[in-house]
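Structural characterization, general
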Amino acid sequence: MDGMILISIALPAIAGILLLLNSFMEHLKASGTIGKEPVVKKTTEEQLRSLHIFTGIIMAVSAGLTMATAWTGSRSLKLFVLLDEIPVYFQIDEISKLFATIVTIIWLLAGFYAFVYMKHEGEEKRYFGFYLLLYGVLIGLDFSGNLITMYLFYELMTLTSMPLVLHNGSRESIMAALKYLFYSMCGAYAGLFGIFFLYRYCDSFTFTAGGTLNMAAVSGHEGLLLIAVFVMLVGFGAKAGMFPLHSWLPAAHPVAPSPASAFLSGIIVKCGVLATIRSVYYIVGPGFIRGTWVQYTWMILTLVTVFMGSLLAFREPVFKKRLAYSTVSQISYILFGLSLLTPTAFAGALLHTVAHAVVKCGLFLTAGVFLYQYGLTRVEQLKGMGKKMPVTMWCYTVFTLALIGIPPTAGFISKWFLAQGSLQSGIHVFSWLGPVVLLISALLTAGYLLPVTMKGFFPGEEAEGMDFKKEEPSPCMLIPLIILAVLAVLLGLLPNPLIQYVTQAAASVLQ
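Residues numbered from 1 in each chain as written. Predicted model: local features only at pLDDT ≥ 70, side-chain atom pairs only at ≥ 80, totals over all residues. Heavy atoms only, no water.

As a further point, take the overall build of the protein chain. Along the protein chain, the regular secondary structure elements total 20 helices and two strands. Rg of the C-alpha trace for the protein chain: 23 Å, near the compact-globule value of 24 Å for 511 residues, within the 12% margin. On the principal axes, the C-alpha backbone points of the protein chain span a range of 70 × 65 × 40 Å. Counting every position in the protein chain, which comprises 511 residues, the buried fraction comes to 60%. In the protein chain, the proportion of contacts linking residues at least 24 apart, taken out of those at least 6 apart, comes to 81%. Accessible surface, the protein chain: about 19500 Å² in total, of which carbon and sulfur atoms supply 67%. (Helix = DSSP H or I, 4+ residues; strand = E, 2+ residues; numbered from the N terminus. Rg over C-alpha atoms; globule rule 2.2 N^0.38 Å. Buried < 20%, exposed > 50% of the residue type's maximum accessible area, 1.4 Å probe, protein only. Contact = heavy atoms within 4.5 Å. Areas by Shrake-Rupley, 256 points an atom, 1.4 Å probe, with all protein chains shown as cover.)

Here it is as structure tokens:
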């Protein structure tokens with residue numbers, strides 16, 4: 001029994017629960033529900049300072065502990081038996097390490113950014129309580145060693161991330177959170193439907209590279225099992241924003257606080273990707289669906305989502321909603337790579353998972369800067385921002401180039417592998433249709449992101465009379481943007497270690 005896994009999950013979760021309980025007690029005291037004596041409160045600044053110190057310490061310790069747990073030796077933990085000898089079980093492998101690292105980096109940067117930004121939203125203690133709790137749940141999801149454990153944390157992830165969407169309590173945010181909950185639960189139940197069928201035909205639910213299907217038991221029931229697998233793919237695809245269960249994304253992102261939007265787009269949607277990888281490559285096995293109607297339908301849905309998301313983003317005037325539609329498109333790049341069931345495409349999917357997490361987190365944090373500093377929410381309002389905050393706009397430009405796939409950024413490397421994997425797959429029309437759709441999507445991405453840079457630095461005659469006094473955001477907000485921009489470039493300039501890592505992971509499941 002390896003206690004480090006349990007501590008990595010429990011520490012941020014318990015700290016988050018304590019913050020939430022403290023916030024709840026303060027509300028009760030303020031309303032006079034409990035306590036007969038008046039409560040002597042600290043000043044607001046003192047409260048915030050104490051909250052930030054506590055949260056910062058927990059974040060730093062939790063992140064360090066998670067990285068040490070993930071990257072120092074082989075670890076596993078059997079917590080207890082849940083039902084029919086299926087345990088709550090954790091095991092760290094290549095996929096666990098990669099996803100836990102991505103989650104930790106984005107969580108840290110978006111968290112420290114929120115120290116300043118959440119002054120704009122209020123209820124900081126409640127926000128950081130759920131933010132810490134969510135990290136513990138996500139690490140539990142990443143470290144899950146079997147399908148049942150993954151599913152438990154997958155459901156918990158929805159319940160603990162929903163409060164971030166409805167944080168400001170407006171009618172719009174409540175409706176968006178309910179939509180997020182509805183779509184997520186429908187998707188999760190579709191996944192559970194598939195799990196019920198797989199239980200009968202799998203030797204084990206423990207994640208095993210190549211899958212655990214018992215082909216002797218499957219014989220004669222292939223058609224029924226293919227339907228169950230397809231339902232799982234659509235269900236877990238809901239969290240990843242795959243058509244037709246995608247519309248929660250453009251509803252939830254614009255109303256959530258910007259650091260929460262960054263985390264939703266950079267990390268939460270990747271949970272659907274992780275669940276898909278585990279189901280297809282570690283339980284069902286890629287060989288079972290290769291060449292079947294399930295694979296072809298899956299590829300069609302991903303390509304439709306790639307094109308549709310880019311087109312809707314191109315037409316959207318609200319900046320954060322435009323970025324949300326962009327996420328719908330970009331995550332299906334990853335799902336398309338997974339659907340090809342080839343080593344190169346699988347490696348490209350993992351590379352794009354990393355690139356998109358870094359880039360889209362940066363874009364949403366940039367949108368938060370515009371909102372926090374000037375209250376700007378629409379694309380046409382961002383003219384001249386490059387003259388007011390040049391460092392912020394240059395970071396935005398780097399993120400834009402990376403998302404389009406311009407070298408030498410991380411997006412170029414991942415899209416190159418995806419296109420190469422598609423061309424090498426030899427899957428009828430999809431071998432060339434995939435790269436064509438990805439190219440069209442990249443052009444649309446340039447069309448809906450680059451004009452913000454152009455009008456930001458070169459506003460034209462409309463800028464006459466505008467005040468171009470430089471007003472960069474607080475270092476607490478600017479430094480995460482700079483770090484993310486540097487990462488977006490470094491992952492493109494020095495990609496070999498990551499390429500080698502994902503290539504080995506691909507080889508282990510696609511031999």
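To continue, consider the nonpolar core. Side chains of nonpolar character tend, in soluble globular proteins, to be buried together. Counting residues in hydrophobic clusters, the biggest one holds 166 residues, and the most contacted among them are Leu138, Leu198, Phe263, Tyr281, Ile289, Leu338 and Phe346. Sorting elements by how many residues they give to this core places helix 14 (residues 343-374) first, with 18 residues. (Core = buried A, V, L, I, M, F, W, Y, C linked by side-chain atoms within 4.5 Å.)

Okay, empty space enclosed by the protein next. The final tally for this structure, using the stated rule, is two cavities of 30 Å³ or more. Approximately 50 Å³ is the volume attributed to the largest cavity. Lining of the largest cavity is provided by Leu351, Val354, Ala355, Ala410, Ile413, Ser414, Leu491, Pro495, Leu498 and Ile499. At the level of secondary structure, the elements contributing two or more residues to the lining of the largest cavity comprise helix 14, helix 17 (410-425) and helix 20 (496-509). Residue composition of the lining of the largest cavity, by class: nine nonpolar, one polar and no charged. The volume enclosed by the second largest cavity comes to roughly 40 Å³. Forming the boundary of the second largest cavity are Phe99, Ile102, Val103, Asp142, Ile267, Lys270, Cys271 and Leu274. Sorting the residues of the lining of the second largest cavity by element identifies helix 3 (94-117) and helix 10 (258-284) as the ones contributing at least two each. It is helix 10 that contributes the most residues to the lining of the second largest cavity, four residues altogether. (1 Å grid on protein atoms, 1.4 Å probe; cavity = no way out; pocket = protein on both sides within 12 Å on 5 of 7 lines; lining within 4 Å. Points joined across faces, edges and corners; volume = space filled by probe spheres on them. Nonpolar A, V, L, I, M, F, W, Y, C, P; charged D, E, K, R; others polar.)

Once that is clear, we can look at the pattern of salt bridges. Taken as a whole, this structure holds two salt bridges when the rule is applied. For Arg278, the salt bridge is made with Asp93, and the minimal N-O distance between the two is 2.8 Å. Of this pair, Arg278 sits in helix 10 while Asp93 sits in the loop between strand 2 (86-91) and helix 3; the two residues are 185 residues apart in sequence, bridging distant segments of the chain. For the pair formed by Arg278 and Asp93, the shared burial category is buried. (Salt bridge = Lys/Arg side-chain N within 4 Å of Asp/Glu carboxyl O.)

Let us now look at the environment of Ala349. With respect to the element layout, Ala349 can be found in helix 14. Note on Ala349: relative accessible area 1%, which makes it buried. Here the alpha-carbon distance between Ala349 and Phe336, two residues 13 residues apart in the chain, equals 7.8 Å.

On to helix 16 (residues 390-404), then. For helix 16, built from 15 residues, the straight-helix expectation of 21 Å at 1.5 Å per residue is met to within 8% by its first-to-last C-alpha distance of 21 Å. In terms of residue burial, helix 16 counts as a mostly covered element, since eleven of its 15 residues are buried. Against helix 13 (319-340), helix 14, helix 15 (385-388), helix 17, helix 18 (430-457) and helix 19 (475-493) lie the buried residues of helix 16. Once helix 16 ends, the next one or two residues include Gly405, with phi positive near 105°. (Expected span 1.5 Å × (residues − 1).)

Running from N to C, helix 2 (residues 44-71) and helix 3 cross one another at 170°; their axes reach a closest spacing of 10 Å. Between helix 2 and helix 3, the interaxial angle falls into the category roughly antiparallel. For the crossing formed where helix 2 meets helix 3, the hand is left-handed. Within the contact between the two elements, helix 2 uses His52, Thr55, Gly56, Met59, Ala60, Ser62, Ala63, Thr66, Met67, Ala70 and Trp71 and helix 3 uses Lys97, Ala100, Thr101, Thr104, Trp107, Leu108, Gly111, Phe112 and Phe115. Of the residues contributing to the contact of helix 2 with helix 3, the split by class is eleven nonpolar, eight polar and one charged. (Axes fitted to C-alpha atoms, helices over the stretch in contact; angles between N-to-C directions. Parallel < 35°, antiparallel > 145°, perpendicular 65-115°, else oblique. Left-handed = near helix turned anticlockwise from the far one by under 90°.)

With that out of the way, let us pick up the pairing of strand 2. Taking burial as the measure, the six residues of strand 2 include five buried ones, the bulk of the element. Across six bridges, strand 1 (residues 76-83) lies against strand 2 in antiparallel orientation. Counted as the bridge partner of Ser76 is Gln91 from strand 2. Between the end of strand 1 and the start of strand 2, which pair antiparallel, lie two residues, with Asp84 showing a positive phi angle near 45°. (Pairing = 2+ DSSP bridges.)

Right, let's talk about the packing of aromatic side chains for a bit. Think of a pair of aromatic rings as described by two things: how far the centres are apart, and how the planes are tilted against each other in angle. By the definition in use, this model includes 24 aromatic pairs. Geometrically, the ring pair formed by Tyr154 and Phe236 is edge-to-face, given 5.2 Å between the ring centres and 80° between the ring planes. Taken together, the residues Tyr154 in helix 5 (residues 147-165) and Phe236 in helix 8 (residues 222-239) connect sequence positions 82 residues apart. The class of Phe236 is buried, set by a relative accessible area of 1%. (Phe/Tyr/Trp six-rings, centres within 6.5 Å; stacked < 30°, edge-to-face > 60°.)

Interpretation in functional terms is not warranted from these geometric data alone.
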